[in-house]
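Listed below are the residues making up each chain.
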Amino acid sequence: MDYKKAGVDIEAGYKSVELMKKHVQGTMRPEVLTNLGGFSGAFSMEKFKSMEKPTLVSGTDGVGTKLKLAFLLDKHDTVGIDCVAMCVNDIACAGGEPLFFLDYIACGRNIPERIATIVSGVAEGCKQAGAALIGGETAEMPGFYPAEEYDLAGFAVGVVDEKDLITGKEIQAEDVLIGMASSGIHSNGFSLVRKVFSMKEEALNTYYDSLGNTLGEALIVPTRIYVKALKAVKEAGITIKGCSHITGGGFYENIPRMLPEGKRAVLKKDSYPILPIFGMLSKDGDIAEKMMYNTFNMGLGMVLAVAPENADKTMEAIRKAGESPYIVGHIENGEKGVELC
């Protein structure tokens, strides 16, 4: 008896590392001090000494049951983008610049080519965020995960000068709410999605004119990464007063997280285009409108609050960064919460 006969292939692990190195290398930043394959990753903070009060911000998350869709479609090159996005968007919400990322892949069987494909997506997400992929872990766990399945999670660290933290404390009545378009469902609500739509190959490969692609293609689209857009707003000299990453819990849970007591967000539902996939979900699943807004991003992946005089300049900066912004509402005095009208 040996480790391989017990279900853990050490040689496959070595091969996975070799195959992923070319993807990881493209994410490197000058501050990275170690090579892939060591016991830890080192990152120099020397560059950030010029900040008055350099402050670390962190985020951790996974892809969730969207992975089930990746298994069914046998498409593994974009879920890594989702994993990175879920972490770095949270960091950017605090005003932070993502610095580095680490991934964790647990699988029933280590298939080196598949692991490398997953990591290629992680690397792409890191490139979009400007973060270095400085390490990770691939754990082969036979008997715990089915042979053809895996889980994917990650952890990111960023930095911000304490004075530039986005806390929401300065939000005032009449401040403008600007939303940035999502690419689709992103990485939240898939437990409900999988109950509404058939997860059979035929259904997932069915083309819909309203979607412009197959159902599976519409569902697997990776999460947008908003780091560069938020950085562009900051570099335009605009103070972002509050910022919400619209993830699980939709509008009703996430937008209040940026609000101070005594302030209420009022959003207009017709102020931006809602993607067709959400209409299909609501109709096919007979999901009430409030539940849709309480579960999904409904076409907005990020919502930020700025002073009224900065609204146009903010929209311009976001567009130049390649995202689609919309003025979606405003702030009022009142009980902390969200009102959709």
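1. Description of the side chain of Lys66
(1) Moving on: Inspection of the secondary structure assignment puts Lys66 in helix H2 (residues 66-73).
(2) Moving on: Lys66 gets classed as buried once you look at its relative accessible area, which sits at 0%.
(3) Moving on: Within the structure, Lys66 has its side chain in polar contact with the side chain of Asp82 (distance 3.1 Å).
(4) Moving on: Dropping the residues within four chain positions of it, Lys66 is found in contact with Asp82, His186, Ser187, Phe190, Leu219, Ile220, Val221 and Pro222.

2. Observations concerning the sheet that holds strand E1 (residues 54-62)
(1) Moving on: Strands sit in the order E1-E4-E2-E3 across an open sheet of four strands; the sheet is mixed. Edge positions in the sheet fall to E1 and strand E3 (132-140), since each has one partner strand and no second. Averaged over all pairs of adjacent strands, the angle between their axes in this sheet comes to 15°, without regard to strand direction.
(2) Moving on: Judged from the eight bridges that link them, strand E2 (residues 97-107) and E3 form a sheet pairing that is parallel. By the bridge assignment for E3, Asp103 is matched with Gly136.

3. Brief notes about the nonpolar core
(1) Moving on: Of all hydrophobic cores here, the largest spans 92 residues; its most connected members are Phe197, Leu219 and Phe251.
(2) Moving on: Broken down by element, this core gets its largest block of residues, ten residues, from helix H3 (residues 79-93).
(3) Moving on: In this view, Leu219 contacts Lys66, Leu69, Ile185, Phe190, Val193, Phe197, Met199, Leu204 and Ile277; residues no more than four positions away in its chain are not counted.
(4) Moving on: The next biggest cluster of nonpolar side chains, apart from the first, holds nine residues, and it includes Val32, Phe48, Ile134 and Val159.

4. Focus on H3
(1) Moving on: With 15 residues, H3 should reach 21 Å at 1.5 Å per residue; the first-to-last C-alpha distance of 21 Å fits that figure.
(2) Moving on: Maximum bend of H3: about 25°, positioned at Ala85.
(3) Moving on: By the criterion of burial, H3 is predominantly enclosed, with 14 of the 15 residues buried.
(4) Moving on: Two residues or fewer after H3 comes Gly95, characterised by a positive phi angle close to 90°.

5. Let's talk about the pattern of salt bridges
(1) Moving on: One pass over the structure, following the stated rule, counts 20 salt bridges.
(2) Moving on: The closest approach of N and O atoms between Asp82 and Lys66, which form a salt bridge, is 3.1 Å. One end of the pair, Asp82, is in helix H3; the other, Lys66, is in helix H2, with 16 residues separating them in the sequence. Residues Asp82 and Lys66 agree in their burial class; the two are buried.
(3) Moving on: Two residues, Arg264 and Glu339, come together in a salt bridge whose shortest N-O distance is 3.8 Å. Within this pair, whereas Arg264 is found in strand E9 (residues 263-267), its partner Glu339 is found in strand E12 (residues 337-340), the two being separated by 75 residues in sequence.
(4) Moving on: Taking relative accessible area as the criterion, Arg264 reaches 22% and is therefore assigned partly exposed.
(5) Moving on: Glu339 gets classed as partly exposed once you look at its relative accessible area, which sits at 34%.

How each quantity is defined
- Residues numbered from 1 in each chain as written.
- Predicted model: local features only at pLDDT ≥ 70, side-chain atom pairs only at ≥ 80, totals over all residues.
- Heavy atoms only, no water.
- Helix = DSSP H or I, 4+ residues; strand = E, 2+ residues; numbered from the N terminus.
- Buried < 20%, exposed > 50% of the residue type's maximum accessible area, 1.4 Å probe, protein only.
- Polar contact = N/O pair within 3.5 Å; in protein donor to acceptor, adjacent residues only side chain to side chain.
- Contact = heavy atoms within 4.5 Å.
- Pairing = 2+ DSSP bridges.
- Axes fitted to C-alpha atoms, helices over the stretch in contact; angles between N-to-C directions.
- Core = buried A, V, L, I, M, F, W, Y, C linked by side-chain atoms within 4.5 Å.
- Expected span 1.5 Å × (residues − 1).
- Bend = angle between axes of the 7 residues up to and from the residue.
- Salt bridge = Lys/Arg side-chain N within 4 Å of Asp/Glu carboxyl O.

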